[in-house]
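A structural walkthrough
Each chain, written out:
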Amino acid sequence: MLISCGDALIDFVPTRITDGREAVMPAVGGSCLNVAIGMARLGAPTGFVGGISTDMFGRMIADHAAASNVELALATSSEHQTTLAFVRIVAGESHYAFYDAETAARNWVYQRGSIPFDAVEVLHVGSTTLVNDQGATETKALIADARASSTISFDPNCRPNLVKDKPAYLARMTAFAASADLIKMSDVDFAYLFGDEPYHQRASTLLAGGASLVVITRGDSGAIAWHAGAGQIEVAAPKVVVADTIGAGDSFQAALLFALHKQGRLPRQQLKDIGADDLRRALSFAANCAGLTCTRPGADPPWSHEVTWSW
């Protein structure tokens, strides 16, 4: 099984009503839930770990996950309200206003020892769950249980407007990166975390710290990856008509993990040993899935019948 742990929420995405005025419509989202949705839709056995409310929006989330074949047996239900995120698109980038106090996602508690990690190929973590102290603490405990047998995937998916203490947040992201085998971040995340540092310099540091693969996505400029054995690989982004970019990075992450799973390269040692050709195919597939997601509003990763691949 492939597992994603973290945030599940409702995005209110921008639209327009018939008279041309701006409006918003609710859509299920949350970076880590999106990753789970993306992996499951492509055909991988997938589970989600995190907090889901029993309120109206929580039921929307649960129904959406079930319809996409995501296993929710490991998720935690609670009466805390659902996190809400209002989205605006500015210069092609999604900007968020979060309503996240005392929510189900924030109050998630990992039940130690509850997951049979010997049957879990990868554990993906990241995003808003790691901003607050409780979410970060619970996720660290989850990784500690998973580390012996499961590959660890990490995407910080930074949300600066939720960060109250940036130095502490940077230290926390550095610690999570040090525990990960696969690290993916957008160019916007990179700039927030590392400023003007050259990509290759930070990638070398992360590889030296124990990661096997570091990937930076750059929107319509494609993605660059660094691997200790396969070297540096760059893939192009497909040319598409963009509706919005919501969920594109999550779709990329999901498709990359799925492709590595299909190639038999997701277990830790196999990821370390992957060759350049396999890695390029996996990255290209991920870029194409992200591109397809950009053609429709909200976080709506592709299904297996919508994409083609050759392993």
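Residues numbered from 1 in each chain as written. Predicted model: local features only at pLDDT ≥ 70, side-chain atom pairs only at ≥ 80, totals over all residues. Heavy atoms only, no water.

Overview of the state of the cysteines
- In the structure shown here, the tally under the stated rule is zero disulfides.
- Cys289 takes part in no disulfide bond, and the closest cysteine sulfur to it belongs to Cys294, at a distance of 11 Å.
- Given the relative accessible area of 1%, Cys289 is considered buried. (Disulfide = S-S within 2.5 Å. Buried < 20%, exposed > 50% of the residue type's maximum accessible area, 1.4 Å probe, protein only.)

Here we look at helix α3 (residues 133-146)
- Spanning 14 residues, α3 covers 20 Å between terminal C-alpha atoms, matching the ideal 20 Å at 1.5 Å per step.
- Looking at α3, one finds that the buried residues are Gly135, Ala136, Glu138, Thr139, Ala141, Leu142, Ile143 and Ala146.
- Buried residues belonging to α3 abut β1 (2-5), β10 (122-126), β11 (151-155) and α4 (166-178).
- Between the side-chain oxygen of the N-cap and the backbone nitrogen of Gln134 there are 3.3 Å, and the N-cap of α3 in question is Asn132. (Helix = DSSP H or I, 4+ residues; strand = E, 2+ residues; numbered from the N terminus. Expected span 1.5 Å × (residues − 1). Contact = heavy atoms within 4.5 Å. Polar contact = N/O pair within 3.5 Å; in protein donor to acceptor, adjacent residues only side chain to side chain.)

Let's talk about the environment of Gly38
- Looking at the element boundaries, Gly38 is found in helix α1 (residues 31-42).
- In sequence terms Gly38 and Trp303 are 265 residues apart; their C-alpha atoms lie 7.7 Å from each other.
- Excluding residues that lie within four positions of it along the chain, Gly38 makes contacts with Ala254 and Pro301.

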